[in-house]
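Here's the letter readout for the chains.
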Amino acid sequence: MSDLESRLRAARPVPPLSPQADERAREVFRARLAGPASTHRFPVFWRRRLVLVAVGILVFVAGAAAVVSSAGVLSGGTTRAGAGDVGALSASGEVAVWSERRAEGSVVVAAHRTPSGQWSAGQVLGGGSSPAVAGLGGGSVVAVWASAAGVQSSRFDGASWSAPAMISGSAAGKTIKLRLAYGASGALVAAWEAVGVPQRALVATYAAGRWSPASELPRPPGASNFAPLVAQSGDGTTVAVWQSLSPRGSAVLTSVRTAAGWATPHTLSTAQSAGEAAASFDQRGRAFAVWQQRDGRNGSATMVSRWMLDRGWSAPRRVSRPGGLGLTPKVAGLGSGALVAWVSAGHAWTDPNYVEVATVDSEGRPSTPTRASGGSIPGITLAVTASPDDRAAVVWTRRPSKGDSVVEAAFIDGDGTVGTPLPIPSRGFALYPSASFTAAEELLVLWTKASPAPSSVMTAALRLSGG
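Residues numbered from 1 in each chain as written. Predicted model: local features only at pLDDT ≥ 70, side-chain atom pairs only at ≥ 80, totals over all residues. Heavy atoms only, no water.

1. Side note on the overall build of the protein
Part 1: Scanning the protein from N- to C-terminus turns up two helices and 37 strands.
Part 2: Counting over 467 residues, the protein shows a buried share of 56%.
Part 3: Restricting the contact set of the protein to residue pairs at least 6 apart, pairs at least 24 apart contribute 44%.
Part 4: When the accessible surface of the protein is summed, it comes to about 18600 Å², and 53% of that surface belongs to carbon and sulfur atoms. (Helix = DSSP H or I, 4+ residues; strand = E, 2+ residues; numbered from the N terminus. Buried < 20%, exposed > 50% of the residue type's maximum accessible area, 1.4 Å probe, protein only. Contact = heavy atoms within 4.5 Å. Areas by Shrake-Rupley, 256 points an atom, 1.4 Å probe, with all protein chains shown as cover.)

Written as structure tokens, this is what we have:
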């Protein structure tokens, strides 16, 4: 139990599962997913190399052919490869960033992919972890990460990376859940949590080549804020969603920033153990927030609420099916409405888990859930993304047996129809996928191969040849 939880419990009882406890539970879950090999100290390969393997695997989805056009290893020879992020770079290809644990400590590494599909050798941006990346207009991207000194940033102009710049020194190397949002306004918004007592959620904006000073998201009296996530619309409107823990219990809060500044926080949920949250805008400027909350004594539900400038937040609606557990929800805005994906889990450790998806209309009303994946034991990690032309995809890692893990993806039509899952070639245990559509309408996927040793960061590109 953390010092913060101890003091809160001494002041007044709080729900049995706090955000810190949720995070510890996820770490245990991830360790059990990876198996015994994940606890070994892998040998260090001092010579890093980039290995690109061309493949020609043909599969079918919703009647259209889909090709895994390329797959390869972005990093090898690390003692541990951490979760990464991948972002589109409209003029110069794509950029991937990830963290590696080397002999000298944890470092953030970046590589770029040219329009021909070739990846550059990885370049170390600096010491740290929790990287995120987003594209800017004019063919450049910005990466952010947490370091021992604080939150840092570097800009890629299509040829080289700038020297790291400090955004904020408040993180002191303990930042987790660093997120980056971008829209067509030409600005970026970063959000992170700074560990301390009380714990704070911070945001900063990147515009005209520089970062604004970090500012704290509104914090209720006596509360700590956790796990902020931001989304940005085309006109620069920003929504932040985060968790708050106080002696009165846990809550999911949100605030919208327009030209007038940040609005007074709105409470989305006060259910016990309100867990993972996410947000996204559709192409018409509506925001959609999703989160996980306790449902009855043993259940967990995935919830959604819609925001509009002239109408505010809609009443929360349940997206996941009654009963069971609706975990780790993700959301991506569409042309009108949004796509929500989550893990549907049973109560017992041996129960199979599935990826389920639903569309949400402009009023915040979800469709009937559709199962996208086959069963997995004991769990799944997933990502969801959408392109400007209203194409969407869900990517997940599935464990069909105790000794195996596979990466799969499914394209989703505008009406919510889920295509046949596409297997992505991957040897070893796979975790932490991220995904993004490229300007060439490929689905670019990044994931961590946790075992066998050494761990690696993997990539693949998928294309629907039928449209």
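2. Focus: the pattern of salt bridges
Part 1: Following the criterion strictly, the structure yields eleven salt bridges and no others.
Part 2: Residue D295 is joined to R318 by a salt bridge in which the shortest nitrogen-to-oxygen separation is 2.5 Å. Placement of D295 in strand 23 (residues 287-295) and of R318 in strand 26 (residues 317-318) is noted, with a sequence separation of 23 residues between them.
Part 3: On the basis of relative accessibility, which here comes to 30%, the residue D295 falls in the partly exposed class.
Part 4: Residue R365 pairs with D361 through a salt bridge whose shortest N-O separation is 2.7 Å.
Part 5: Among the charged side chains, a network of salt bridges with common partners joins E94, R113 and E442. (Salt bridge = Lys/Arg side-chain N within 4 Å of Asp/Glu carboxyl O.)

3. Observations regarding the sheet that holds strand 11 (residues 165-168)
Part 1: Ordered in space as 8-9-10-11, the four strands form an open sheet in which the pairing is antiparallel. Every interior strand has two partners, whereas the edge strands, strand 8 (129-136) and strand 11, have only one. Between one strand axis and the next, the sheet turns by 30° as a mean value, whatever way the strands run.
Part 2: Pairing geometry for strand 9 (residues 140-146) and strand 10 (residues 151-156), over six bridges, is antiparallel. Its bridge partner lying in strand 10, V142 is registered against R155. (Pairing = 2+ DSSP bridges. Axes fitted to C-alpha atoms, helices over the stretch in contact; angles between N-to-C directions.)

4. With respect to the sheet that holds strand 32 (residues 392-401)
Part 1: Read across the open sheet, the four strands follow the order 31-32-33-34; overall the sheet is antiparallel. Strands at the two margins of the open sheet, each flanked by one partner only, are strand 31 (381-386) and strand 34 (422-424). Between one strand axis and the next, the sheet turns by 30° as a mean value, whatever way the strands run.
Part 2: In this sheet, strand 32 lies alongside strand 31 in antiparallel orientation, the contact comprising six bridges. Looking at the pairing, T385 lines up with A393 of strand 32.

5. Overview of the pairing of strand 14 (residues 200-207)
Note on strand geometry: in a regular strand, side chains alternate between the two faces of the sheet.
Part 1: Most of strand 14 is tucked away, with six of its eight residues classed as buried.
Part 2: Sheet topology note: the strand 13 (residues 188-194)/strand 14 ladder contains seven bridges and is antiparallel. When the sheet's bridge partners are listed, L188 is paired in strand 14 with Y206.
Part 3: The hairpin turn running from strand 13 into strand 14, its antiparallel successor, is five residues long.
Part 4: Pairing of strand 14 with strand 16 (residues 215-216), which is carried by two bridges, proceeds in the antiparallel orientation. Within the sheet, the bridge partner assigned to L202 lies in strand 16 and is E216.

6. Quick notes on the environment of F281
Part 1: With respect to the helices and strands, the residue F281 is situated in strand 22 (residues 277-281).
Part 2: Exposure remark for F281: the relative accessible area of 9% places this residue in the buried category.
Part 3: Put simply, F281 and S233 are 48 residues apart on the chain and 5.7 Å apart in space, counted from C-alpha to C-alpha.
Part 4: In this structure F281 touches A231, Q232, S233, T237, T238, V239, R286, A287, W307 and G333, once residues within four positions along its chain are discounted.

7. Describing the packing of aromatic side chains
Part 1: Throughout the structure, instances matching the rule amount to four aromatic pairs.
Part 2: Pairing F281 with W307 gives two aromatic rings, centres 6.4 Å apart and planes at 85°, and the pair type is edge-to-face. Of this pair, F281 sits in strand 22 while W307 sits in strand 24 (residues 299-308), placing them 26 residues apart in sequence. Accessibility assignment for this pair places F281 and W307 in one class, buried.
Part 3: Over the face of the ring belonging to Y354 we find R371, whose NZ or CZ atom lies 3.6 Å from the ring centre. (Phe/Tyr/Trp six-rings, centres within 6.5 Å; stacked < 30°, edge-to-face > 60°. Lys NZ or Arg CZ within 6 Å of the ring centre and 35° of its normal.)

8. A few points about unusual backbone geometry
Part 1: Phi at A208 is positive, roughly 55°, even though this residue is not glycine.
Part 2: Residue position: A208 is located in the loop between strand 14 and strand 15 (210-211).

9. Quick notes on the confidence of the model for the protein
Part 1: Mean pLDDT over the protein: 77, with 76% of residues reaching 70 or higher.
Part 2: In this model residues 1-65 is a low-confidence stretch, pLDDT under 50, and it forms 135 contacts with partners more than four residues away in sequence or in other chains.
Part 3: A low-confidence stretch, residues 88-92 stays under pLDDT 50, and its non-local contacts, those more than four residues away or across chains, total 20 contacts. (pLDDT = per-residue confidence, 0-100.)

10. Looking at the side chain of S244
Part 1: Considering the arrangement of structural elements, one finds S244 in strand 18 (residues 238-246).
Part 2: Of the residues examined, S244 reaches a relative accessible area of 6% and is grouped as buried.
Part 3: Once you skip the residues sitting within four places of it in the chain, S244 turns out to touch P220, A223, S224, N225, G249, S250, A251 and L253.

11. So, the environment of A121
Part 1: Relative to the elements of secondary structure, A121 occurs in the loop between strand 6 (105-113) and strand 7 (123-127).
Part 2: For the pair formed by A121 and A110, sequence separation is eleven residues and the distance between their alpha carbons is 8.4 Å.

12. With respect to the side chain of R113
Part 1: Within the fold, R113 resides in strand 6.
Part 2: Reaching out from R113, the side chain makes a polar contact with the side chain of E442 at a distance of 3.0 Å. (Polar contact = N/O pair within 3.5 Å; in protein donor to acceptor, adjacent residues only side chain to side chain.)

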